[in-house]
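# Coordinate inspection notes
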Amino acid sequence: MNDLYDRLKTKKIKITEIPKWGPYLRKQWGNIFASHLSDKDKK
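Presented here is a report on the structure given in the accompanying data block.

Helices and strands together make up the secondary structure of the protein, namely 3 helices and 0 strands. Sequence-ordered secondary structure for the protein, helices as α and strands as β, is α-α-α. For the protein, the residues scored as buried account for 5% of the 43 residues in total. Taken together, the 11 basic and 5 acidic charged side chains of the protein have centroids lying 4 Å from each other.

Structure (C-alpha cells):
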C-alpha cells in the first residue's frame, strides 16, 4: 500500500485513508464489477 501511496503522492493526487472501509469497498466493487463471475473465477 505504501508503494501506491508514494506513487500517487508524487503525482500530487490527494489521498484520504478511511479506516475499516476496505472490506466494504471490496464487496461493493465485487457486486458492481464481478457479480457475473463464479466464486471460482473470482479467485
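Now that the structure is up, let's keep going.
Let us now look at unusual backbone geometry. Of note in the backbone geometry, Lys12 takes a positive phi value of approximately 60° without being a glycine. Here Lys12 shows up in the loop between α1 (2-10) and α2 (22-33). You will see that Lys20, though not glycine, has its phi angle at about 70°, which is positive. Looking at where Lys20 falls in the secondary structure, it is placed in the loop between α1 and α2.

So, about the packing of aromatic side chains. One pass over the structure, following the stated rule, counts 2 aromatic pairs. Residues Trp21 and Tyr24 carry aromatic rings whose centres are separated by 5.5 Å and whose planes lie at 75° to one another, so their mutual orientation is edge-to-face. According to the relative accessible area criterion, Trp21 is partly exposed, its value standing at 40%. For Tyr24, a relative accessible area of 46% gives the class partly exposed. Ring geometry for Trp29 against Phe33: centres 5.5 Å apart, planes inclined by 40°, an arrangement best described as tilted. With Trp29 and Phe33 both in helix α2 and 4 residues apart, the pair spans about one turn of that helix.

Right, let's get into the pattern of salt bridges. Charged atoms that come close allow side chains of opposite charge to pair. Counted under the stated rule, the structure contains 1 salt bridge. For Arg7, the salt bridge is made with Asp3, and the minimal N-O distance between the two is 3.2 Å. With Arg7 and Asp3 both in helix α1 and 4 residues apart, this pair spans about one turn of that helix. Looking at Asp3, the relative accessible area reads 49%, which means it is partly exposed.

Rules behind the numbers
- Just so you know, the residues in each chain are numbered from 1, in the order the chain's sequence is written.
- It should be noted that, the model being predicted, local features are given only for residues of pLDDT at least 70 and side-chain atom pairs only at 80 or more, the latter also being counted only at that level, while totals for whole chains, interfaces and linings use all residues.
- Note: side-chain values were computed over all heavy atoms of the structure, leaving out hydrogens and water.
- Helix and strand definitions here come from DSSP, where helices need a minimum of 4 consecutive H or I residues and strands a minimum of 2 consecutive E residues; each element is numbered from the N-terminal end.
- Partly exposed residues are those whose accessible area sits between 20% and 50% of the maximum for their type, while under 20% is buried and over 50% is exposed, using a 1.4 Å probe and protein chains only.
- Here the positive residues are Lys and Arg and the negative ones are Asp and Glu; neither His nor the chain ends is included.
- Charge positions are represented by NZ for Lys, CZ for Arg, CG for Asp and CD for Glu.
- In this analysis, rings of Phe, Tyr and Trp, with Trp reduced to its six-membered ring, are considered paired at centre separations within 6.5 Å, and the interplanar angle assigns stacked below 30 degrees, edge-to-face beyond 60, and tilted for intermediate values.
- We define a salt bridge as a contact between a side-chain nitrogen of Lys or Arg and a carboxyl oxygen of Asp or Glu at a distance within 4 Å.

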